[in-house]
Amino acid sequence: MAPGSNAHGGPASWRKRLVVAAGLVVGMFAMSGCSADEVMRFGWPEGVTPEAREMTNLWSWSVVAALAMGVLVWALTFWTITFHRKKADSPDFPRQTAYNVPLELLYTAVPFLIIAVLFYFTVIVQTKVEKLEDNPAVTVDVTAFQWNWRFAYREITENGKDGGTPIKLERPNPYGQQPDLKKLNEEAAKEKAETGEIEHQPERGPNHGRFQEIRDYLKFSTVEVQGSSAEIPVLVLPTGARIEFVLASADVVHSFYVPQFAFKRDVMPNPKENHSQNRFQITEIERDGDFVGRCAEMCGDYHSMMNFEIRAVSPEKFTQYIKARQGGKDNASALESIGESPVSTSTAPFDTRRTGRTASTVEGAN
Ligand SMILES: [Cu+2]
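Residues numbered from 1 in each chain as written. Predicted model: local features only at pLDDT ≥ 70, side-chain atom pairs only at ≥ 80, totals over all residues. Heavy atoms only, no water.

Participant: Describe in detail the overall build of the protein, supporting the description with residues and values.
Facilitator: Of regular secondary structure, the protein possesses seven helices and 13 strands. For the protein, buried positions account for 33% of its 366 residues. For the protein, the share of sequence-separated contacts (at least 6 apart) that also reach a separation of at least 24 residues comes to 69%. Surface summary for the protein: the accessible area is close to 23000 Å², and the carbon and sulfur share equals 59%. (Helix = DSSP H or I, 4+ residues; strand = E, 2+ residues; numbered from the N terminus. Buried < 20%, exposed > 50% of the residue type's maximum accessible area, 1.4 Å probe, protein only. Contact = heavy atoms within 4.5 Å. Areas by Shrake-Rupley, 256 points an atom, 1.4 Å probe, with all protein chains shown as cover.)

Participant: Mind laying out the UniProt feature "transmembrane region" (unreviewed entry) in the protein, listing which residues take part and the relevant values?
Facilitator: Under the UniProt annotation, the feature "transmembrane region" (unreviewed entry) is placed at residues 60-84 and 105-125. Counting secondary structure, residues 105-125 comes out at 100% helix and 0% strand; the distance between its end C-alpha atoms is 31 Å. (UniProt positions renumbered as here; feature names shortened; annotations may be inferred.)

Participant: Break down helix H3 (residues 50-83) for me, citing the residues and quoting the values.
Facilitator: Helix length check: H3, at 34 residues, gives a terminal C-alpha distance of 49 Å against a target of 50 Å (1.5 Å per residue), a fit within 8%. Taken together, the buried positions of H3 are occupied by Glu-51, Ala-52, Met-55, Thr-56, Leu-58, Ser-60, Val-63 and Gly-70. Where H3 is buried, its residues contact helix H2 (36-41), helix H4 (101-129), strand E10 (263-267) and strand E11 (279-282). (Expected span 1.5 Å × (residues − 1).)

Participant: Run through helix H6 (residues 315-326), naming residues and quoting values.
Facilitator: If you check H6, its first and last C-alpha atoms are 16 Å apart, about what twelve residues at 1.5 Å a residue would give, namely 16 Å. Restricting attention to buried positions, one finds in H6 the residues Pro-315, Phe-318, Thr-319, Tyr-321, Ile-322, Ala-324 and Arg-325. Contacts from the buried residues of H6 go to strand E1 (138-145), strand E2 (148-157), strand E6 (224-226), strand E7 (234-238), strand E13 (308-313) and helix H7 (331-337). Downstream of H6 by one or two residues, Gly-328 has phi in the positive range, about 105°.

Participant: Tell me what's going on with the sheet that holds E13, and back it up with residues and numbers.
Facilitator: Ordered in space as E7-E13-E12-E9-E10, the five strands form an open sheet in which the pairing is mixed. Pairing within the sheet leaves two strands with one partner each, and these edge strands are E7 and E10. Strand-to-strand, the axes of this sheet are offset by a mean angle of 25°, without reference to chain direction. One ladder, built from five bridges, connects strand E9 (residues 254-258) with E10; its direction is antiparallel. Opposite Phe-256, over in E10, you have Arg-265 as the bridge partner. (Pairing = 2+ DSSP bridges. Axes fitted to C-alpha atoms, helices over the stretch in contact; angles between N-to-C directions.)

Participant: Tell me what's going on with the coordination of the copper ion, and back it up with residues and numbers.
Facilitator: For a metal with four tetrahedral donors the ideal donor-metal-donor angle is 109.5 degrees, whereas six octahedral donors ideally subtend 90 or 180 degrees. Around the copper ion, the protein supplies His-254 (ND1), Cys-295 (SG), Cys-299 (SG) and Met-306 (SD) as donor atoms, at distances of 2.1 to 2.5 Å. Note that the copper ion binds four donor atoms; their angles at the metal cover 95 to 126°, and the shape is tetrahedral. Between consecutive donors of the copper ion, the numbers of intervening residues give the motif H-x40-C-x3-C-x6-M. Of the two residues, His-254 is situated in strand E9 and Cys-299 in the loop between strand E12 (289-295) and E13; the sequence distance between them amounts to 45 residues. The same class applies to His-254 as to Cys-299, namely buried. (Donors = N, O, S within 2.8 Å, 3.2 Å for Na, K, Ca; no water. Tetrahedral: all angles 85-135°; square planar, octahedral: opposite > 155°, others 65-115°.)

Participant: For a nonpolar patch on the surface, give the residues involved together with the corresponding values.
Facilitator: A grouping of Trp-14, Met-69, Leu-72, Val-73, Leu-76, Trp-79, Phe-83, Leu-103, Leu-106, Tyr-107, Val-110 and Ile-114 is seen on the molecular surface, where their side chains present a nonpolar patch of about 1100 Å² in accessible area. Those elements that provide at least two residues to the nonpolar patch are H3 and H4. Sorting elements by how many residues they give to the nonpolar patch places H3 first, with six residues. If you trace the backbone, Met-69 turns up in helix H3. Relative accessible area serves as the criterion here: at 34%, Met-69 is assigned to the partly exposed category. (Patch = residues over 30% accessible without salt bridge, like charges linked within 9 Å, V, L, I, M, F, W, Y side chains within 5 Å. Salt bridge = Lys/Arg side-chain N within 4 Å of Asp/Glu carboxyl O.)

Participant: Give a detailed account of the packing of aromatic side chains, specifying residues and quantitative values.
Facilitator: Evaluation of the coordinates by the stated rule reveals 16 aromatic pairs. Taking the centre distance of 6.2 Å and the plane angle of 50° together, the rings of Phe-245 and Phe-261 count as tilted. With Phe-245 in strand E8 (residues 243-249) and Phe-261 in the loop between E9 and E10, this pair connects stretches of sequence that are 16 residues apart. For the residue pair Phe-245 and Phe-261, the accessibility class agrees, reading buried in each case. One aromatic cluster in this structure is built from Trp-149, Phe-151, Phe-245, Phe-256, Phe-261, Phe-263, Phe-280 and Phe-308. For the cation-ring pair, Arg-150 lies above Phe-220, with the distance from its terminal atom to the ring centre recorded as 4.1 Å. (Phe/Tyr/Trp six-rings, centres within 6.5 Å; stacked < 30°, edge-to-face > 60°. Lys NZ or Arg CZ within 6 Å of the ring centre and 35° of its normal.)

Participant: Give me the side chain of Arg-265: which residues, what numbers.
Facilitator: Take Arg-265: it is sitting in strand E10. Contact partners of Arg-265, with chain neighbours within four places excluded, come to Glu-130, Leu-247, Ser-255, Phe-256, Gln-277, Arg-279 and Phe-280.

Written out as structure tokens, the structure is:
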């Protein structure tokens, strides 16, 4: 037995056990092969936008604060259950220590201070993340539907960079225009006059005069990417330029989530009427790469099958890609023409057979 410790679990032995425990935790991280940066991300993916870095940083330090608090609470818990057991010479009832007002004040004030600091940093980061600037290099309309995505380039710059000459690619919405109510009402009034009918209900939609089926808020473009069950939609974007996403759903609520942006936003039908800010921007994508995207809001049976991919390429390649698309190439061939994989590489289309992923599939049962 080492000097300074004793067989009955005295202070020296506890100190030693704590040191061993701390050593094990440090050793666990050291042997996991994770870099310090990875450890500090606490499971978050590597961010690829300045906004993602800001959020990862906030997350890391929030976790450190939460862990410090957790360790303190666990230590207190284990301390009380270890050192306050009934001993042979204890009185029948322990000393009654309720109503320690100074202590209560302290443990109310300190958490308030802690969350005030967290709140301060949250607001700072949130302001940066939600910042919208004029004239982003690329504006993409993201339309979510059951169960896939359509990406429509609303506006790009001719060189794929911030400050380039803007080129508008939007085209009129071919679906769901509100019927001409004035005309409908005039026709009804005319009919009424002809038939001598007294009652006339003016024609109007049930929803502030609009019809539920109206999809006039959806945006369309001459350059679009639409996913299908067989093909994961790949949205090509330039690196190093500000990008704006404008979100809208054609049916139910979905959520546009790119883990490596460390950000998601719900995609609502009728975003304006739902008072949702459906625009968000990223300052830039910092490197080339394929970044998987997911639907992060329960949207029906195939909610889990709405993966998409962000393909970040150089501004030069992006410009070539848009030219190829405008020249009539589909997404896959346009990607191929700029030397990129024609299909998503961060995720693959899902097996559409309902029983495709169960082990006990009967041959030919699908
Ligand atoms: Cu969805």
